[in-house]
Amino acid sequence: MIYLKSPEEIEKMTRACRIVAEVLEYLKGFVRMGITTKEIENFAEDRIRSLGGIPAFKGYRGYPANICISVNEEVVHGIPSSRKLVEGDIVSIDLGVYMDGFYGDGAITLSVGKIDEETGKLLTAAEEALYLGIDNAVEGKRISDISYAIQKHVEDKGFSVVRLFVGHGIGRELHEEPQIPNYGAPGQGPRLKEGMTLAIEPMVNAGTHEVKILSDGWTAVTGDGKKSAHFEHTVLVTSNKPRILTKCN
Ligand code: MF3
Ligand code: CO
């Protein structure tokens, strides 16, 4: 069942999503060499709560932290720790906020100091893929039109899309139907309708698309140890342009 949101529900969701966007924006100025991922988590939790939200991930299926922080070859679901960031790292920060009955979900990957050229291309390709996917989130298209646009761009750039994790519907639940794979032929899956709210989230690997889960039961890492990037927005489908909800305005 895919829930279409009413204007009142969209209004509430927009507020949760705006907190996601504002906190990710603050984090761009906060993340730097020498900081630990736990310090990033603490800062994010503080910002989320002071804006009136609740961190959405803690306790979700037993997830132990407020946000996910995944460094370098970590793909998603990295658990904040005493690890210090060093120059050349890339750090993916995935943030969910719950407020007034609704969820917002977003992620960015930031570079720490100077990164090598290939890693820069990885970040650019992953972010571009997210926006190309979003361009397809319009009424009348199908879910896999989003998937196809993402996969095509990523592979054209010589990188790979992760299969094990997918984007998702979002609203009164963090994960609602439909699933949104980041790969696949176009023209498949549910038809998009005005009022659908989707979390679109390509995870892009420099090498193999395979991932492994570490013994902590959460952290997903690339199968070959090469780097991975992750960008995510919560988006509203409309009859014309998609509306990005996890955006500051
Ligand atoms: N953006 C991720 C997702 O939608 C975050 C979930 S992480 C968890 O799956 F910790 F909450 F599980
Ligand atoms: Co998500």
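Located above this text is the structure these notes cover.
Residue indices follow the written sequence of each chain, beginning from 1 at its first position. Here chains are named by letter from A upward and ligands by number from 1 upward, in the order in which they appear as written. Local features are withheld for residues below a pLDDT of 70 in this predicted model, meaning they are given only at 70 or higher, and side-chain atom pairs are given and counted only at 80 or more; totals for whole chains, interfaces and linings count all residues. Side-chain numbers here rest on the full set of heavy atoms in the structure, without hydrogens or water.

### Comments concerning the nonpolar core
What counts here: As used here, the term nonpolar core means buried Ala, Val, Leu, Ile, Met, Phe, Trp, Tyr and Cys residues forming a set that is joined through side-chain atoms within 4.5 Å. Whether a residue is buried, partly exposed or exposed follows from its accessible area with a 1.4 Å probe, protein chains only, as a fraction of its type maximum: under 20%, in between, or over 50%, in that order. Strands here are runs of E lasting at least two residues and helices are runs of H or I lasting at least four, both read from the DSSP assignment and numbered beginning at the N terminus. Should any heavy atoms of two residues lie within 4.5 Å, those residues are counted as being in contact.
Residues Ile40, Val91, Ile93, Leu198 and Ile200 are the most contacted members of the largest nonpolar core, which totals 51 residues. Put simply, the parts of the chain that give this core at least two residues each are α1 (7–30), α2 (37–50), β2 (68–71), β4 (90–99), β5 (102–111), α3 (117–135), α4 (143–156) and β9 (197–200). Ignoring sequence-local partners within four residues, the contact set of Ile200 consists of Leu130, Gly133, Ile134, Ala137, Ile146, Ile150, Ile180, Phe231, Glu232, His233 and Val235. Among the nonpolar cores identified, the runner-up in size contains 16 residues, and Tyr63, Tyr103, Ala199 and Leu245 belong to it.

### Quick word on the coordination of the cobalt ion (ligand 2)
To be explicit about the condition: Donor selection uses N, O and S atoms within 2.8 Å of the metal (3.2 Å for Na, K and Ca). Since no water is included, sites may look incomplete. A four-donor site is classed as tetrahedral when every donor-metal-donor angle falls between 85 and 135 degrees; four donors are called square planar, and six octahedral, when trans pairs exceed 155 degrees and all remaining angles lie between 65 and 115, with any other arrangement labelled irregular.
At 2.0 to 2.2 Å from the cobalt ion (ligand 2) lie its protein donor atoms, namely Asp105 (OD), His168 (NE2), Glu201 (OE) and Glu232 (OE). The site at the cobalt ion (ligand 2) holds six donor atoms, and with the angles between them running 67 to 171°, its shape is irregular. In the primary structure, the donors to the cobalt ion (ligand 2) are separated according to the pattern D-x62-H-x32-E-x30-E. With His168 in strand β7 (residues 167–169) and Glu232 in the loop between β13 (228–230) and β14 (233–236), the pair connects residues that are 64 residues apart, well separated along the chain. A relative accessible area of 4% means that His168 is categorised as buried.

### Re the site of ligand 1
Put simply, the rule is: The criterion for a residue being near a molecule or strand is simple. One of its heavy atoms has to lie within 4 Å of it. Within 3.5 Å is the distance limit for a polar contact, defined as a pair of N or O atoms, with the added protein rule that one can donate a hydrogen and the other accept it, and that residues adjacent in sequence qualify only through two side-chain atoms. Gly is placed with the polar residues, together with every amino acid not listed as nonpolar (Ala, Val, Leu, Ile, Met, Phe, Trp, Tyr, Cys and Pro) or charged (Asp, Glu, Lys and Arg).
All residues adjacent to ligand 1 are Phe57, Tyr60, Tyr63, Cys68, His77, Asp94, Asp105, His168, His175, Glu201, Trp218 and Glu232. Within the side chain of His175, a nitrogen or oxygen atom sits 2.8 Å from an oxygen atom of ligand 1. Glu201 is positioned with one of its side-chain polar atoms (N or O) 3.1 Å from an oxygen atom of ligand 1. Grouping the amino acids of the shell around ligand 1 by side-chain chemistry returns five nonpolar, three polar and four charged.

### Some thoughts on the packing of α1 against α2
Applicable threshold: To get an axis, fit a line to the C-alpha atoms, keeping to the stretch in contact for a helix; angles then go from 0 to 180 degrees between the N-to-C directions. Every angle not falling under 35 degrees, over 145, or within 65 to 115 is termed oblique; those three ranges are roughly parallel, roughly antiparallel and roughly perpendicular. Throughout, a crossing is termed right-handed when the near helix is turned clockwise from the far one, and left-handed when it is turned anticlockwise from it by less than a right angle.
Between α1 and α2, the least distance of the axes is 10 Å, while the angle of their chain directions is 140°. Judged by the inter-axis angle, α1 sits oblique to α2. By crossing handedness, the relation of α1 to α2 is classed as right-handed. Residues Ile19, Val23, Tyr26, Leu27 and Phe30 of α1 form the contact with α2, whose participating residues are Glu39, Ile40, Phe43, Ala44, Arg47 and Ile48. Of the residues belonging to the contact of α1 with α2, the class tally is nine nonpolar, no polar and two charged.

### With respect to α2
Residues spaced three or four apart along an α-helix point in a common direction, a consequence of the helix completing one turn every 3.6 residues. Counted only if it meets this: Under the convention used throughout, the expected extent of a helix is 1.5 Å for every residue step, that is, one less than its residue count. To obtain the arc, one takes the directions from the helix axis to the C-beta atoms.
Between its first and last C-alpha atoms α2 spans 20 Å; for 14 residues at 1.5 Å apiece the expected length is 20 Å, and the two agree. For α2, the set of buried residues is Thr37, Ile40, Glu41, Ala44 and Ile48. The buried residues of α2 occupy an angular sector of 100° when projected down its axis, which confines them to one face. On its buried side, α2 packs onto α1, β1 (54–55), β2 and β4. Among the residues trailing α2, Gly52 stands out with phi positive, at a value near 95°.

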